Amino acid sequence: MEEKFKLDMPKRPRRLRKGASMLSLCAENRLDPADMILPVFIMEGKNGSVKIPSMPGVSRHTIDSLLKLCEKSLKCGVRAIAPFPLVDPARKTPRADEAVNPKSLASRAIAAVKKRFPEMVVVADIALDPYTSHGHDGILDSSGKWILNDETVEVLAGMAALAAQAGADFVAPSDMMDGRIGVIRDALDEAGYKDVIIMAHAVKYASSFYGPFRDAAESAPHFGDRKSYQMDPHNSREGVKEALLDVDEGADIIMV
């Protein structure tokens, strides 16, 4: 009779995969509500919410309605929000002046949430597209076709400092301008906000998947696309380079 084949293995990783209880016990990572950041969409007005057609089950909220949503979120264990404002078209300008208005909707919403719920972590999106009349993430040159990088970064730094002043725990630059993390870090430190965290959208692709967010904030570009500043999805090595640059400039957290 042929002898049965045997493996001589003192270490067998499958021992730790014997059923659901063992898998749970040995899980290296767990997803918990406390790990999540809830995007919230805000608008002017009182006592109201409006459904967003491209986001089933999601609504824009006035600030008082937002506070009720935050209360529900905390009860569910979700302790962080990221507000995205719907800016009045009359306040949108080519240079995004409303982005550095200390009484902007975003600033007022952040302050209201932190006053009512100090334990709620607020992540402020730092980008100009909700505030520009042309819908792009930066200031245009005289031709109206190219985003001016350095001039845009200057505005973003002021916007980040105002978000920190309103009470934001994180600022999350999502514009993809070159060098903005270092300038924002310097601006926060100089304004006395050394403990405010920078969560950099280090690798943000020019993608149609952002469509529903742009619908919610009515911030889609009025012409062209964002391929001159957001990344080409084909380029993984470029993505690594972008991420490392943000880390070198002082980002505390990076995201893709």
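Shown above is the structure to which this text applies.
Keep in mind it's a predicted model, so treat the numbers as computed, not measured.

Q: Just to check I follow, could you spell out the sheet that holds strand β4 (residues 80-85) for this structure?
A: Strands pair in a sheet through their backbones, by hydrogen bonds, and they do so in one of two ways: parallel or antiparallel. Pairing is mixed in the open sheet, where 8 strands are placed in the order β2-β3-β1-β4-β5-β8-β9-β10. Unpaired on one side and paired on the other, β2 (49-51) and β10 (253-255) mark the two borders of the sheet. The average angle at which neighbouring strand axes cross in this sheet is 30°, direction not considered. In the sheet, strand β1 (residues 38-42) pairs with strand β3 (residues 59-61) via 2 bridges, with the strands oriented parallel. When the bridges of β3 are listed, F41 appears paired with R60.

Q: Sorry if this is basic, but what is going on with the nonpolar core here?
A: One recurring pattern in soluble globular proteins: nonpolar side chains tend to sit buried together. Counting 47 residues, the largest nonpolar core has V113, M120, I126, V171, I184 and L188 as the members making the most contacts within it. For this core, the secondary structure elements donating two or more residues are β1, α2 (63-75), α3 (105-116), β5 (121-126), β6 (139-140), α4 (149-166), α5 (180-190) and β9 (197-201). Not counting the four nearest positions on each side in its chain, V113 is found in contact with L66, L67, C70, I81, P118, M120 and V122. Counting 10 residues, the second-largest nonpolar core is a separate cluster that includes A82, F84, A172 and A216.

Q: Hey, could you run me through unusual backbone geometry in this one?
A: As a rule of thumb, non-glycine residues mostly have phi less than zero, and peptide bonds are mostly trans rather than cis. Positive phi, normally seen in glycine, also occurs at N47, with a value near 50°. Inspection of the secondary structure assignment puts N47 in the loop between β1 and β2. The class of N47 is exposed, set by a relative accessible area of 65%. Phi at M176 is positive, roughly 70°, even though this residue is not glycine. Its place among the elements puts M176 in the loop between β8 (170-173) and α5.

Q: Just to check I follow, could you spell out the side chain of H201 for this structure?
A: Within the element layout of this structure, H201 appears in strand β9. H201 gets classed as buried once you look at its relative accessible area, which sits at 16%. Residues in contact with H201, not counting those within four places in the same chain, are A172, P173, S174, M176, R180, D246 and M255.

Q: Which parts of the structure should I look at to understand the pairing of β4?
A: Two faces make up the sheet, and in a regular strand the side chains alternate between them. With respect to burial, β4 is a largely interior element, 6 of its 6 residues being buried. Covered by surrounding structure in β4 are A80, A82 and F84 together with I81, P83 and P85, the residues of both alternating faces. The sheet contact formed by β1 and β4 spans 5 bridges and is parallel. Bridge pairing in β4 places V40 opposite P83. Pairing of β4 with β5, which is carried by 2 bridges, proceeds in the parallel orientation.

Q: How should I be thinking about empty space enclosed by the protein in this particular structure?
A: In this approach, a probe sized like a water molecule rolls over the atoms, and the result shows the empty space that is left. Under the defined criterion, the tally for this structure stands at 1 cavity of 30 Å³ or more. The computed volume of the largest cavity comes to approximately 130 Å³. A106, I110, Y131, M159 and A163 are the residues nearest the centre of the largest cavity, which is lined by 14 residues in total. Of all the secondary-structure elements, those providing two or more residues to the lining of the largest cavity are β4, α3, β5 and α4.

Cut-offs used in this document
- Residues numbered from 1 in each chain as written.
- Predicted model: local features only at pLDDT ≥ 70, side-chain atom pairs only at ≥ 80, totals over all residues.
- Heavy atoms only, no water.
- Pairing = 2+ DSSP bridges.
- Helix = DSSP H or I, 4+ residues; strand = E, 2+ residues; numbered from the N terminus.
- Axes fitted to C-alpha atoms, helices over the stretch in contact; angles between N-to-C directions.
- Core = buried A, V, L, I, M, F, W, Y, C linked by side-chain atoms within 4.5 Å.
- Buried < 20%, exposed > 50% of the residue type's maximum accessible area, 1.4 Å probe, protein only.
- Contact = heavy atoms within 4.5 Å.
- 1 Å grid on protein atoms, 1.4 Å probe; cavity = no way out; pocket = protein on both sides within 12 Å on 5 of 7 lines; lining within 4 Å.
- Points joined across faces, edges and corners; volume = space filled by probe spheres on them.

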